[in-house]
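Examination of the molecular architecture
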Amino acid sequence: PDSPPPPPSRVCDAIILVYDSTSPQTFNRLTTHWLPLIESVCPVPVVVAGNKVDLLEDEEITEMEQKKVVLPILKRFSFVHACMEVSAKTLFFINELFFLSQTLVLFPVRPILDLGTNQIRDDALRALYRIFRVHDLDGDGLLDDEEINRFQEIVFGGERLGGEDIGALKKVVG
């Protein structure tokens, strides 16, 4: 039928959407049928996998051509987390495909990140601000090296960070 079925309460936690890498029409059907259907019924994390990559000639598709095709899918369908090429016959990247899918279920970003806007959700942002305010002992709005190390020990139970590690952390965050 042309109309999607009624939304299920929760059918799955992630989807591996497979197409035939040797058949362009199966790839085109991803964006014209399957991804819009998933979006309308149950927008869970999706990994798109092109199967039968073992049958492709090495020169058939360049990396630049792949990016031109894949990037619009990732931008248009924010619930698509990755696109991969695999071979069920030779088991090429099969373990990685299932590991990635498992990771999306076990460590979901949805409670923290709004996949539609790619913005941190307000509740998550408030929680992060609160966590850092609690560890900002001198109340200056910044975590100094000692406060960062205290945070590291309490939250991660790990060793204190060295000056180089703290510098690298500040460079990433700042």
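Residues numbered from 1 in each chain as written. Predicted model: local features only at pLDDT ≥ 70, side-chain atom pairs only at ≥ 80, totals over all residues. Heavy atoms only, no water.

With that settled, consider the overall build of the protein chain. A tally of helices and strands in the protein chain yields six helices and five strands. A total accessible area of about 12,300 Å² is found for the protein chain, and carbon and sulfur atoms account for 59% of it. (Helix = DSSP H or I, 4+ residues; strand = E, 2+ residues; numbered from the N terminus. Areas by Shrake-Rupley, 256 points an atom, 1.4 Å probe, with all protein chains shown as cover.)

Here helix 5 (residues 145-156) crosses helix 6 (residues 163-173) at 95 degrees, and the two axes come no closer than 11 Å. As judged from the angle between their axes, helix 5 and helix 6 are roughly perpendicular. In this structure, helix 5 contributes Asp-145, Ile-148 and Asn-149 to the contact, and helix 6 contributes Ile-166, Leu-169 and Lys-170. (Axes fitted to C-alpha atoms, helices over the stretch in contact; angles between N-to-C directions. Parallel < 35°, antiparallel > 145°, perpendicular 65-115°, else oblique. Contact = heavy atoms within 4.5 Å.)

Moving on to the pairing of strand 1 (residues 15-20). When strand 1 meets strand 2 (residues 46-51), the two strands line up parallel, connected through six bridges. Each residue of the ladder has a partner; that of Ile-16, found in strand 2, is Val-47. Handedness of the crossover is the feature at issue here: the chain leaves strand 1, passes through helix 1 (residues 24-41), returns alongside strand 2, and the resulting connection is right-handed. (Pairing = 2+ DSSP bridges. Right-handed = clockwise from strand over helix to strand, strands pointing away.)

So, about the nonpolar core. Core analysis: the largest hydrophobic core is formed by twelve residues, namely Leu-17, Tyr-19, Phe-27, Leu-30, Leu-35, Ile-38, Val-46, Val-48, Ile-73, Phe-77, Phe-79 and Val-80. Those residues in contact with Phe-27 that sit more than four places away from it in its chain are Tyr-19, Val-69 and Ile-73. Val-47, Ala-49, Ala-82 and Leu-104 belong to the second largest nonpolar core, which has eight residues in total. (Core = buried A, V, L, I, M, F, W, Y, C linked by side-chain atoms within 4.5 Å. Buried < 20%, exposed > 50% of the residue type's maximum accessible area, 1.4 Å probe, protein only.)

Evaluation of the coordinates by the stated rule reveals six salt bridges. When the shortest N-O distance is used, the salt bridge between Lys-52 and Asp-20 registers 3.3 Å. Of the two residues, Lys-52 sits in the loop between strand 2 and helix 2 (63-76) while Asp-20 sits in strand 1, which places them 32 residues apart along the sequence. Judged by relative accessible area, which is 35%, Lys-52 ranks as partly exposed. Of the residues examined, Asp-20 reaches a relative accessible area of 18% and is grouped as buried. (Salt bridge = Lys/Arg side-chain N within 4 Å of Asp/Glu carboxyl O.)

An ideal rise of 1.5 Å per residue puts 18 Å on 13 residues; helix 3 (residues 94-106) measures up with 18 Å between its terminal C-alpha atoms. Every buried residue of helix 3 is listed here: Ile-94, Leu-97, Ser-101 and Leu-104. Viewed along the axis of helix 3, the buried residues span an arc of 95 degrees, placing them on a single side of the element. Exposed positions of helix 3 whose direction lies more than 90 degrees from the buried face are Asn-95, Phe-99 and Leu-106. Against strand 1, strand 2 and strand 3 (80-85) lie the buried residues of helix 3. (Expected span 1.5 Å × (residues − 1). Arc of directions from axis to C-beta.)

So, about the packing of aromatic side chains. All chains considered together, the criterion is met by five aromatic pairs. Aromatic side chains Phe-151 and Phe-156 sit 6.1 Å apart centroid to centroid with 85 degrees between the ring planes, which places their arrangement in the edge-to-face category. By way of ring pairs, the aromatic residues Phe-132, Phe-151 and Phe-156 are connected into one cluster. (Phe/Tyr/Trp six-rings, centres within 6.5 Å; stacked < 30°, edge-to-face > 60°.)

Let us look at the sheet that holds strand 3. In a beta sheet, neighbouring strands pair by backbone hydrogen bonds and run either parallel or antiparallel. Taking strand neighbours across the sheet as the criterion, the three strands line up as 1-2-3 in an open arrangement whose pairing is parallel. The sheet terminates laterally at strand 1 and strand 3, the two strands that pair on one side only. The average angle at which neighbouring strand axes cross in this sheet is 20 degrees, direction not considered. Together, strand 1, strand 2 and strand 3 form the strand contacts of helix 1, whose direction differs from that of strand 1 by roughly 155 degrees.

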